[in-house]
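Structural features, examined
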Amino acid sequence: MDSQSKPKPRLARNVLTYRGVSFTVPEWLEVGQSFFLPCLKAEELGSKVQKHYARTTMRMVWEERIEADYLGIRVWRVL
């Protein structure tokens, strides 16, 4: 690799704990990438996710939804 090119961020994992449940969440996402977390209280988990990512330069948004018969939140990285 030459000194001009930057290595692409890896999708390393880290852990977010909510109500005693440990979720493995991405450490890095490209703009537009997303992930789903099952939960019953979307507002609480959405707030926890945003606090978790506040220490990074990534801006995250979430939406409550049902996917594959599971209630939860889908989290996207946005500009």
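Here the structure is shown first, and the text comes after it.
1. A closer look at the packing of aromatic side chains
By the definition in use, this model includes 1 aromatic pair. The cationic tip of Arg 77 hangs over the ring face of Trp 28; the distance from NZ or CZ to the ring centre is 4.6 Å.

2. Digging into the pattern of salt bridges
Inspection of the entire model under this criterion finds 4 salt bridges. Of the charged contacts, one joins Arg 65 and Glu 67 as a salt bridge, the two residues approaching to 3.0 Å between their closest N and O atoms. Judged by its relative accessible area of 30%, Arg 65 falls in the partly exposed class. Across the pair Arg 74 and Glu 67 runs a salt bridge, and its minimum N-O distance is 2.6 Å. The class of Arg 74 is buried, set by a relative accessible area of 16%. Where salt bridges share partners, they join Glu 63, Arg 65, Glu 67 and Arg 74 into one cluster.

3. A look at the nonpolar core
Ranked by size, the top nonpolar core spans 16 residues in total, and within it Phe 35, Leu 37, Leu 45, Val 49 and Ile 73 carry the most contacts. Taken together, the elements giving at least two residues each to this core come down to β1 (13-18), β2 (21-26), β3 (34-38), α1 (42-53) and β5 (70-78). Among the elements that line this core, the one with the most residues is α1, at 4 residues. Setting aside residues up to four positions removed in sequence, Ile 73 forms contacts with Phe 35, Phe 36, Leu 37, Cys 39, Ala 42, Leu 45, Gly 46, Val 49, Trp 62, Glu 63 and Glu 64.

4. Some thoughts on unusual backbone geometry
Not every positive phi belongs to a glycine, and Arg 19 is a case in point at roughly 50 degrees. Inspection of the secondary structure assignment puts Arg 19 in the loop between β1 and β2. One non-glycine residue with positive phi stands out, namely Ala 68, at about 50 degrees. Structurally, the position occupied by Ala 68 is in the loop between β4 (59-67) and β5.

5. Notes on the side chain of Glu 67
On the secondary structure map, Glu 67 appears in strand β4. A polar side-chain atom of Glu 67 sits 3.0 Å from a polar atom in the side chain of Arg 65. Residue contacts for Glu 67: discarding those within four places in its chain leaves Phe 36 and Arg 74.

What counts and what doesn't
Residues numbered from 1 in each chain as written. Predicted model: local features only at pLDDT ≥ 70, side-chain atom pairs only at ≥ 80, totals over all residues. Heavy atoms only, no water. Phe/Tyr/Trp six-rings, centres within 6.5 Å; stacked < 30°, edge-to-face > 60°. Lys NZ or Arg CZ within 6 Å of the ring centre and 35° of its normal. Salt bridge = Lys/Arg side-chain N within 4 Å of Asp/Glu carboxyl O. Buried < 20%, exposed > 50% of the residue type's maximum accessible area, 1.4 Å probe, protein only. Core = buried A, V, L, I, M, F, W, Y, C linked by side-chain atoms within 4.5 Å. Helix = DSSP H or I, 4+ residues; strand = E, 2+ residues; numbered from the N terminus. Contact = heavy atoms within 4.5 Å. Polar contact = N/O pair within 3.5 Å; in protein donor to acceptor, adjacent residues only side chain to side chain.

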